[in-house]
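Coordinates in review
Below are the chains, spelled out letter by letter.
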Amino acid sequence: MENRRTTIPALRPIEDTDVATWELPEGAIGRLGQGLPLDVEFSPDGSYFTVATKIGFWIYDTATMTPRALWGTERGMFNVATFSHDMRWIATGDQDGIVKVWNTQNGQCVTKIDWERSERRWRDSVSHVHFSPDGEYLAASGFGHSAVYAWRTDSETSITSVTVENPRSDGYRKKDADYDRSFPIAFSPDSNLFAFVSSPDTVTISDLNTGKDVTQLTGHTAPVHTLLFSPCGQYLASASLGATVQMWNIQNESLAMMPTTYEGNRVRLAYTADETLRIADVHGKKIVIWDASKGERLDVFETAEYTGRASRFSSDGTQFAICSTRGDVQIWKEGTPSAVTLFSRFKSTAESVVFLQNGSTLISNHWGTTGKVFWNVASRETQRIFPPLTGRTSFFQKGMTLSPCEELLAVDTSDANIEIWHIPSETLIAELTEHEKHGHRITLAFSPTGKYLVSAGANEAYVWDVALWEKRYSLTEQTGSVVDIAFHPDGKLFVTSSRDGTVRLWNVETGEQITPLPLPDTLEDATGYRGEPEEIERVINGGNLQWKSHQHIESIVFSPCGTLIAGGLGTWLAAGLTNEIRLWDTATLETQMIILPSQGTIRPWALAFSPCGRYLVSGAWWCRGLDKAPIRIWEVATGEHIHTFWAHSTDVQDIAFSPDGTLLASGSFDGTVLLWDMKSFTGS
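A brief look at the structure comes next. The structure presented is a predicted model; accordingly, all values stated were derived computationally and were not measured.

Conventions and cut-offs
Residues numbered from 1 in each chain as written. Predicted model: local features only at pLDDT ≥ 70, side-chain atom pairs only at ≥ 80, totals over all residues. Heavy atoms only, no water. Helix = DSSP H or I, 4+ residues; strand = E, 2+ residues; numbered from the N terminus. Rg over C-alpha atoms; globule rule 2.2 N^0.38 Å. Buried < 20%, exposed > 50% of the residue type's maximum accessible area, 1.4 Å probe, protein only. Areas by Shrake-Rupley, 256 points an atom, 1.4 Å probe, with all protein chains shown as cover. Lys, Arg positive; Asp, Glu negative; His and termini not counted. Charge placed at Lys NZ, Arg CZ, Asp CG, Glu CD. Pairing = 2+ DSSP bridges. Contact = heavy atoms within 4.5 Å. Salt bridge = Lys/Arg side-chain N within 4 Å of Asp/Glu carboxyl O. Core = buried A, V, L, I, M, F, W, Y, C linked by side-chain atoms within 4.5 Å.

The secondary structure content of the protein amounts to two helices and 59 strands. Taking 26 Å as the expected radius of gyration for a compact globule of 684 residues, we find that the protein reaches 27 Å, a close match to that expectation. Projected onto its principal axes, the C-alpha coordinates of the protein cover approximately 80 × 55 × 50 Å. When the 684 residues of the protein are sorted by exposure, 61% land in the buried category. Carbon together with sulfur atoms contributes 48% to the accessible area of the protein, which is approximately 25,900 Å² in total. Here the protein holds 57 positive side-chain charges and 83 negative ones, and the gap between their average locations is 1 Å.

Further remarks concern the pairing of strand β51 (residues 580–585). In terms of burial, β51 is largely enclosed, as five of its six residues are buried. The sheet contact formed by strand β50 (residues 564–570) and β51 spans six bridges and is antiparallel. Across the sheet, the residue bridging to Ala-566 is Leu-583, located in β51. Here β51 runs beside strand β52 (residues 591–596); their pairing, made up of four bridges, is antiparallel. If you follow Trp-584 over to β52, its bridge partner there is Thr-591. Hairpin geometry of β51 and β52 is characterised by an intervening segment of five residues between the two adjacent antiparallel strands and by a positive phi of about 60° at Leu-589.

When you line up the elements, Ala-140 lands in strand β11 (residues 138–142). We classify Ala-140 as buried; its relative accessible area is 0%. For the pair formed by Ala-140 and Ser-161, sequence separation is 21 residues and the distance between their alpha carbons is 9.7 Å. With near-sequence residues (within four places) excluded, Ala-140 lies in contact with Val-99, Trp-115, Val-126, His-128, Val-129, His-145, Ser-146, Ala-147 and Ile-185.

What follows is about the pattern of salt bridges. Throughout the structure, instances matching the rule amount to 18 salt bridges. Note that Arg-312 and Asp-39 form a salt bridge whose closest N and O atoms lie 2.9 Å from each other. Of this pair, Arg-312 sits in strand β28 (residues 307–313) while Asp-39 sits in strand β2 (residues 37–42), and the two are 273 residues apart along the sequence. Classification of Asp-39 by relative accessible area gives buried; the value is 2%. Between Arg-441 and Glu-351 there is a salt bridge, and its shortest N-O distance comes to 4.0 Å. Of this pair, Arg-441 sits in the loop between β39 (427–432) and β40 (443–446) while Glu-351 sits in strand β32 (residues 350–355), and the two are 90 residues apart along the sequence. With a relative accessible area of 7%, Glu-351 lands in the buried category.

Right, let's talk about the nonpolar core for a bit. Counting residues in each nonpolar core, the largest one holds 19 residues, and the members touching the most others are Val-617, Ile-631, Leu-664, Trp-676 and Met-678. Elements with a contribution of two residues or more to this core: β53 (602–609), β54 (615–621), β55 (630–635), β57 (652–657) and β59 (673–677). Per-element tally for this core: the top contributor is β57, with three residues. Once residues within four sequence positions are removed from consideration, Ile-631 is found in contact with Val-617, Ser-618, Gly-619, His-643, Thr-644, Phe-645, Ala-647, Val-652, Leu-664, Ser-666 and Trp-676. One finds Val-19, Phe-49, Val-51 and Trp-58 within the second-largest nonpolar core, a separate group that totals 17 residues.

What follows is the structure, encoded as structure tokens:
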């Protein structure tokens, strides 16, 4: 049956395709990537679908596969974005515990429901939101908690609130799968009944008119992660961990279909117009579509990459959307021979960024299988993704360095090896296998001369001869896990920062340690501090000393002329306290200055000097209470804070200047790279 297409007045014109400039924060001139996708949902008529991301939620046109809107960028961090049945509203749930309702006629947020006002017991994050078919109720759920609101008349108080005692996160895990880890909810077609999980393996159905429970379904043998009423309202389909699907007759509380266990890592459910239960069985990169009542396989197709939990049927079961871990989106349509692939710019966490010397290309390094993305800076388009996927790309790692000649790329892999790729020919030319600690991040840096490569991981660090690809030295004094490496501009010295709390200066020619850099608890001369007076007083009086054993320099960088070394100090604990930017004089190795960012700036671990050396820029992690994570600009000579960009919705991972200093790139946990106009600061 062909769906009747409903238009949404607040969408952008279909010819407005420059998504890299949509809804940018002040000071930004472009966005690379469209955010880390967390969920995908179809509109009731199937003509649109939403992609909830960490930067906001996108609305896509299904027929043309083009983005039509990006809403909610003031904060972002959305887990889900769901249409109402009449398509007048979109409800969102975010990681701050806020449910919002958006008017599709004007794109404005009309209602906010604070999850923290409810009887939540464990986590703030809202993972599911559903409108009742009549549009009167709005239900939300997170881990261990569900609630229903009469949102049009009272969004302050829930009419139904359920808390599950002692929820177990590991109960929602399965090897090679990432289930929703939240408790599913569903409305009946007449909007009178509400189904929810009252314990991990029990489904309760409540009458919203009377507020009384009408039945409990207790035949599940594993935690339930999906619920769906049939169009007639007589049946409820459920899926539990282990990909087992059941269909219940609600009136007599009996099974209408024997439980069926599918082979994949997860399943998705939909009822077709003729009330046939349809199953999507997700096997990593393979999707199998089933007719559950007949046990008949309807279609099989491959996805671009391993699929995360972001996969959904349309309401009539004729379409199926999948977001892969690499950021590709595919739409399966009934009656077509294969899935329709949408190439998208959704990406995973942007861990590091670097400009090529021509300034026209930027490389961003992403977690997982997204790879190293080469961007055309002017067009904001992807040039290529490199290296070719090997199946061993490392998760949660920085893992990338570009040689000075810009022809070699060193890449960390998940098996503790280092791959050396020749970029022009896309050829793997060497593999370094000395590192033994599997699962640990390996930090990499080429020397400015291109003669050496330094690699460091967990309690092991090496200097490699690039011409021969042989290990030249082991840095035997290195006892902790190295988190950053920086070379002096002349290529003779380099510095490492480690989780053991040390910063060490090395001679690259001999592999010998020259000296550790001093990390004084407090400065004897208080004039060496920069920051707000109350923050300086707190530190001078020993306010950071209780966290001394946890402090370390996470990032380290030389100034362009090599006279200064800057390091970002902090802890994984006490996020709001121990946060410093330290500057050392390279010649004397004395601490020249300690900058104390204001409270609300935590873990200032992304650092970069401007090419002129006049400015130091620091990017920080997101702090609760803020809408955005800050990027701050400091004048090096005075330590004065001169400007703040309120940048990403979550942690800033890395920053880099273009060679001419006119652009600043920032990579974030939100899956995007932002480009910032620095002309007013650099004078270029």
